[in-house]
Amino acid sequence: MRLPTILAAGVVTLLGTTAQATEQRMQEGKEAYENTCAGCHQTGVMKAPRTREQADWEGRSFLWDSVLVEHAEKGYLAMPPQGGDDGASRYDVRAAAEYMATITHPELPHD
């Protein structure tokens, strides 16, 4: 094999692996969201901004992922830390926040 062919094959493999990892992370985020966050963020309980409702998120920081993750981890306004799930891992909280950001604003770049 020539070097450019080897490099191209490596890039294709890397992109496939990255896509799989992203898809897995989104699935894990969806599960964490459904288990912990959806109870408030699907219905807007206590004025929680609803997922998939972009208007509910207007006026929020453009540091979307960073701020959302911080609020999910530490709590914000009426939302308790970790969405009230003391057993949620840091990974799950972050994956759920990323999932929420992605399904609500798929057009925005993420941090």
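Residues numbered from 1 in each chain as written. Predicted model: local features only at pLDDT ≥ 70, side-chain atom pairs only at ≥ 80, totals over all residues. Heavy atoms only, no water.

Observations concerning the overall build of the protein chain
Thinking step 1. Helix and strand content of the protein chain: three helices and zero strands.
Thinking step 2. Buried residues in the protein chain amount to 26% of all 111 residues.
Thinking step 3. By sequence separation, contacts in the protein chain at least 24 residues apart represent 56% of the contacts at least 6 residues apart. (Helix = DSSP H or I, 4+ residues; strand = E, 2+ residues; numbered from the N terminus. Buried < 20%, exposed > 50% of the residue type's maximum accessible area, 1.4 Å probe, protein only. Contact = heavy atoms within 4.5 Å.)

Some remarks on the confidence of the model for the protein chain
Predicted coordinates in areas of low pLDDT are best not read in detail.
Thinking step 1. For the protein chain, the average pLDDT comes to 83, and 78% of its residues sit at 70 or higher.
Thinking step 2. Taken element by element, the predicted model of the protein chain shows its lowest mean pLDDT in helix H1 (residues 3–41) (74) and its highest in helix H3 (residues 90–104) (92). (pLDDT = per-residue confidence, 0-100.)

A short note on unusual backbone geometry
Thinking step 1. Notably, Met46 is not glycine yet its phi reads approximately 55°, a positive angle.
Thinking step 2. Within the secondary structure, Met46 sits in the loop between H1 and helix H2 (64–74).
Thinking step 3. For Met46, a relative accessible area of 63% translates into the label exposed.

Some words on the pattern of salt bridges
Thinking step 1. Per the stated rule, a full pass over the model turns up four salt bridges.
Thinking step 2. Of the charged contacts in the structure, one is a salt bridge between Glu73 and Arg90, with a shortest N-O distance of 3.1 Å. Of this pair, Glu73 sits in helix H2 while Arg90 is found in helix H3, placing the two residues 17 residues apart along the sequence.
Thinking step 3. Residue Glu73 pairs with Arg94 through a salt bridge whose shortest N-O separation is 2.9 Å. Within this pair, whereas Glu73 is found in helix H2, its partner Arg94 is found in helix H3, the two being separated by 21 residues in sequence. (Salt bridge = Lys/Arg side-chain N within 4 Å of Asp/Glu carboxyl O.)

A look at the nonpolar core
Thinking step 1. Among the nonpolar cores identified, the biggest contains 16 residues, and Tyr33, Cys37, Leu68, Ala96, Ala97 and Met100 are the most heavily contacted of them.
Thinking step 2. Sorting the residues of this core by element identifies H1, H2 and H3 as the ones contributing at least two each.
Thinking step 3. It is H3 that contributes the most residues to this core, seven residues altogether.
Thinking step 4. With sequence-adjacent residues up to four places away left out, Met100 is seen in contact with Tyr33, Cys37, His41, Thr51, Trp57 and Leu68. (Core = buried A, V, L, I, M, F, W, Y, C linked by side-chain atoms within 4.5 Å.)

So, the side chain of His41
Thinking step 1. Topologically, His41 is positioned in helix H1.
Thinking step 2. One polar contact links the side chain of His41 to the main-chain carbonyl oxygen of Pro49, over a distance of 2.6 Å.
Thinking step 3. Sequence-distant contacts of His41, defined by excluding residues within four places in its chain, comprise Tyr33, Ala48, Pro49, Arg50, Thr51, Trp57, Met79 and Met100. (Polar contact = N/O pair within 3.5 Å; in protein donor to acceptor, adjacent residues only side chain to side chain.)

A short note on H3
Thinking step 1. Taking 1.5 Å as the rise per residue, H3 with 15 residues should run 21 Å; its terminal C-alpha atoms sit 21 Å apart, in good agreement.
Thinking step 2. Every buried residue of H3 is listed here: Val93, Ala95, Ala96, Ala97, Tyr99, Met100, Ala101, Ile103 and Thr104. (Expected span 1.5 Å × (residues − 1).)

A closer look at the packing of aromatic side chains
Thinking step 1. Counting across every chain of the model gives one aromatic pair.
Thinking step 2. Here Tyr33 and Tyr99 contribute two aromatic rings whose centre-to-centre distance is 5.5 Å and whose plane-to-plane angle is 50°, an arrangement assigned as tilted. Of this pair, Tyr33 sits in helix H1 while Tyr99 sits in helix H3, and the two are 66 residues apart along the sequence.
Thinking step 3. Exposure remark for Tyr99: the relative accessible area of 7% places this residue in the buried category.
Thinking step 4. Cation over ring: Arg25 sits above Tyr91, and NZ or CZ is 4.3 Å from the ring centre. (Phe/Tyr/Trp six-rings, centres within 6.5 Å; stacked < 30°, edge-to-face > 60°. Lys NZ or Arg CZ within 6 Å of the ring centre and 35° of its normal.)

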